[in-house]
Amino acid sequence: MFRWDLVGQYLFSFLFIKAAWMTLWIAVVAQVLGVVLGLFLALMQMARRLRFLNWIASVYIWLFRGTPLLIQVYLLWLGPTKFGLTLSPEMCILLSFSLNEAAYMAEIIRAGISSVDEGQMEAAKALGMRYGLAMRRIVIPQAIRFIIPPLGNEFNNMLKTTSIASVIGVIELTQAAREYGAHSFSVFELLIVSSVYYLLMTTVWTFVQSWIERRLDPERKAKAAQKNWTSRVLGFEPSAGH
Amino acid sequence: MVGQQEANEMVRGEGIVKRFGHLTVLNGIHFQVKRGQVVVIIGPSGSGKTTLLRCINHLEKIDSGRIYVDGQLVGYREVNGKLLEDSEANIARMRSQIGFVFQRFNLFSHKTALENVMEAPIYVLHEPRNVVRERALANLEKVGLADKANAYPRQLSGGQQQRVAIARALAMKPKLMLFDEATSALDPELVGEVLKVMRQLAEEGMTMVVVTHEMHFAREVADHVIFMDKAQIVEEGPPEQIFGNPQNERTRDFLRRID
């Protein structure tokens, strides 16, 4: 028998709000770390003078994209115990998720950077900028426009991938359903509750993502240079049929 | 080496060789640009003129020979008679003193005209923002675009973009300006406004090396014309000679075809 009352009861319970918070926290931290590490990997892959950096980055990406995340989590969970060390479940999850995500972000960032017209780097160099400065001030700001859409998809995936954290007992949304439902044989009902939270988060993210993409649209940025304050505060132009 | 330089010499090329794979694009080029001189390089496409220009600020490496700008060896260090590529910092410093104007403008598309002009003086020369801003506005004024300071490149015509690019180069107070077919990507009606700015610069005494297909400009503005063909300098001299009485068969041929 399906128990609607349990769904309603748990949906707004402190337990699930806490679990949702854990899910969100893991996703955000792992994604941010993944982007930062991915940027380094991407720059390593593009290194011309120090070829071995390129090689290291390529092997890293090959390894992390070529094996299942679930196994990477297990390896990082069990591996340290062989040396008498233990990681907390949260730490283990954050680390394995970030390391894995970095491999994917590296490819996305590299593609974004190579989408920027080569003339931009040349012009920067001709003005006396060094490689690092030109990257930071000229190339990467323009690459972001190409990176944001796939990055948004990565984060959408990340929100749901966090359910893997349940296998080592981190109490995020999936583990919460399993644990709190076990006593009353209501895991099914509570998984519905978890799904509602996942849907809520991914839906909100979809809106955030399209808002960011609109903000980065160069056509819009160009218009914004001349538009008035009312429309800037509203965030859209009332007259435009966008 | 510096001691042997003529005092009024800005650029000197000695036996420059440049290869792309098996293709030799510069085959032993010798040339000189004096201070305040406007040198125009003409010649058919594929003759090596653009490559030569790009070698002057080391956007291209050279396979042998030497280039000096203002008495300084460009892009290389001489160690026990051998040439080693210079450090990134030294190359960047050298480039910051040489303005380069590209055929395709290459304005920073995420920055306004004013921000384009201000970028390098702030982040390369580390000059204070308010000083840079004033000079950048003056430079935009000079190229006739003070009213477009807050426009993004995509909102400007090709001619306007190229004039911003010139202002951007001038903001670095260069001692030498290099123009790589600066008007070749422009619609015919926009060529004039860019040439006008270049002509004005020449009149102010800027040392310039100009690669162009604009023969009128070459004839009227150049102090010295270099005709290149097949990776070599075929003929050079004052414009009256090159255009009025070319000595070489290939020069005559080229000028006849272009007219």
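Residues numbered from 1 in each chain as written. Chains lettered and ligands numbered in written order. Predicted model: local features only at pLDDT ≥ 70, side-chain atom pairs only at ≥ 80, totals over all residues. Heavy atoms only, no water.

With respect to the overall build of chain A
Worth spelling out the cut-off: Note on conventions: DSSP H or I runs of at least 4 residues are helices, E runs of at least 2 residues are strands, and numbering of each starts at the N terminus. Only protein chains enter the calculation, and the probe is 1.4 Å; a residue is then buried if its accessible area is under 20% of its type maximum, exposed if over 50%, and partly exposed in between. We call two residues in contact whenever any of their non-hydrogen atoms come within 4.5 Å of each other. Only the protein chains shown count as cover for residues, and the accessible areas themselves come from Shrake-Rupley with a 1.4 Å probe.
A count of helical and extended segments in chain A gives eleven helices and zero strands. The secondary structure elements of chain A, listed N-terminal to C-terminal, are α-α-α-α-α-α-α-α-α-α-α. Sorting the 242 residues of chain A into buried and exposed places 41% on the buried side. Restricting the contact set of chain A to residue pairs at least 6 apart, pairs at least 24 apart contribute 72%. Of the roughly 13800 Å² of accessible surface on chain A, a fraction of 68% belongs to carbon and sulfur atoms.

A few points about the overall build of chain B
Keep this limit in mind: The size measure is the radius of gyration over C-alpha atoms, and the globule rule it meets is 2.2 Å times the number of residues to the 0.38 power. Note that His is not counted, nor are the chain ends; the positive residues are Lys and Arg, and the negative ones are Asp and Glu. Positions of charges follow a simple convention, taking NZ of Lys, CZ of Arg, CG of Asp or CD of Glu.
Of regular secondary structure, chain B possesses nine helices and twelve strands. In summary, chain B has a C-alpha radius of gyration of 18 Å against a globular reference of 18 Å for 259 residues, a match within 12%. Taking the principal axes of the C-alpha coordinates as reference, chain B spans close to 50 × 50 × 35 Å. With 259 residues in all, chain B has 57% of them scored as buried. Surface accessibility of chain B: about 11400 Å² in total, with carbon and sulfur atoms responsible for 45%. Computing the positive centroid from 33 side-chain charges and the negative centroid from 33, chain B places the two 4 Å apart.

Description of the interface of chain A and chain B
Put simply, the rule reads: The buried area of a pairing is the accessible area, by a 1.4 Å probe, that goes missing from both parts when the two are put together, added over both. Here, a salt bridge means any side-chain nitrogen of Lys or Arg that lies within 4 Å of a carboxyl oxygen of Asp or Glu.
Contacts between the two partners involve 26 residues from chain A and, on the opposite side, 30 residues from chain B. Both faces considered, chain A and chain B share a buried interface measuring about 2400 Å² in area, 54% of it formed by carbon and sulfur atoms. Seen at the junction of chain A and chain B, the total is three salt bridges. Across the salt bridge formed by Arg130 of chain A and Glu88 of chain B, the nearest N and O atoms sit 3.7 Å from each other.

A word on the pattern of salt bridges
On inspection of all chains with the given rule, the structure shows 22 salt bridges over all chains. For Glu107 of chain A, the salt bridge goes to Arg110 of chain A, with nearest N and O atoms at 3.7 Å. Here Glu107 of chain A and its partner Arg110 of chain A are both found in helix α5 (residues 89-115), three residues apart, which amounts to about one turn of the helix. A residue is classified by how much of its surface remains accessible, and Glu107 of chain A, at 22% relative accessible area, is partly exposed. Using a relative accessible area of 33% as the deciding quantity, one classes Arg110 of chain A as partly exposed. Of the charged contacts, one joins Arg252 of chain B and Glu249 of chain B as a salt bridge, the two residues approaching to 3.2 Å between their closest N and O atoms. Of this pair, Arg252 of chain B and Glu249 of chain B both sit in helix α9 (residues 249-258), three residues apart, which is roughly one turn of the helix.

A closer look at the confidence of the model for chain A
Rules: What pLDDT reports is the predictor's confidence in each residue, on a scale of 0 through 100.
Summarising the model, chain A shows a mean pLDDT of 86, and 90% of its residues fall at 70 or more. Mean pLDDT across the secondary structure elements of chain A bottoms out at helix α11 (residues 229-234) of chain A, with 54, and peaks at helix α6 (residues 118-126) of chain A, with 95.

A look at the packing of aromatic side chains
Residues and elements named next belong to chain A. Counted only if it meets this: Think of it this way: a Phe, Tyr or Trp ring, Trp meaning its six-membered ring, pairs with another when their centres are within 6.5 Å, and the plane angle makes it stacked under 30 degrees, edge-to-face over 60, tilted otherwise.
Enumeration according to the criterion identifies six aromatic pairs over all chains in this entry. Taking 6.4 Å as the distance between ring centres and 15° as the angle between the ring planes, the aromatic pair formed by Phe16 and Tyr197 counts as stacked. One end of the pair, Phe16, is in helix α2 (residues 14-45); the other, Tyr197, is in helix α9 (residues 187-216), and 181 residues separate them in sequence. Within the aromatic cluster, the residues linked to one another by ring pairs are Phe16, Tyr180 and Tyr197.

What about the packing of helix α8 (residues 173-182) of chain A against α9 of chain A?
Residues and elements named next belong to chain A. The condition is simple: Lines fitted to C-alpha atoms define the axes, with helix axes restricted to the stretch in contact, and inter-axis angles between N-to-C directions lie between 0 and 180 degrees. By definition in this entry, angles of less than 35 degrees are roughly parallel, angles greater than 145 are roughly antiparallel, angles of 65 to 115 are roughly perpendicular, and the rest are oblique. Definitions for this section: a left-handed crossing has its near helix turned counterclockwise from the far helix by less than a right angle. A right-handed crossing has that turn clockwise.
Their axes nearest at 8 Å, the elements α8 and α9 cross at an angle of 160°. In terms of orientation, α8 and α9 fall into the roughly antiparallel class. In this structure, the crossing between α8 and α9 has a hand that is right-handed. On α9, the residues touching Leu173, Thr174, Ala177, Arg178, Tyr180, Gly181 and Ala182 of α8 are Val187, Leu190, Leu191, Ser194, Tyr197, Tyr198 and Met201.

Here's the deal with the nonpolar core
Applicable threshold: We call a set of buried Ala, Val, Leu, Ile, Met, Phe, Trp, Tyr and Cys residues a nonpolar core when their side-chain atoms join them within 4.5 Å.
Within the largest apolar cluster, 58 residues are counted, with the highest numbers of intra-cluster contacts made by Val11, Phe31 and Leu176 of chain B. Looking at this core element by element, the count peaks at nine residues for helix α7 (residues 131-161) of chain A. Leaving out residues up to four positions away in the same chain, Val11 of chain B has contacts with Phe31, Gln32, Val33, Ile56, Ile67, Tyr68, Val69 and Leu176 of chain B. Among the nonpolar cores identified, the runner-up in size contains 53 residues, and Leu186, Leu201, Phe217 and Phe227 of chain B belong to it.

Some remarks on the UniProt feature "domain: ABC transporter" (unreviewed entry) in chain B
The line we're drawing: UniProt positions are given in the numbering used here, feature names are shortened, and annotations may be inferred rather than shown by experiment.
Residues annotated in UniProt with the feature "domain: ABC transporter" (unreviewed entry) correspond here to residues 11-255 of chain B. Between the end C-alpha atoms of residues 11-255 of chain B the distance is 26 Å, and the span holds 37% helix and 28% strand.

Points about helix α2 (residues 88-95) of chain B
Here is the rule we go by: Directions pointing from the helix axis toward each C-beta atom define the arc.
The complete set of buried residues in α2 of chain B reads Ile91, Ala92, Met94 and Arg95 of chain B. Buried residues of α2 of chain B, viewed axially, fall in a sector of 160°; they line one side. Where α2 of chain B is buried, its residues touch α6 of chain A together with α1 (49-56), β7 (82-85) and β8 (98-101) of chain B.

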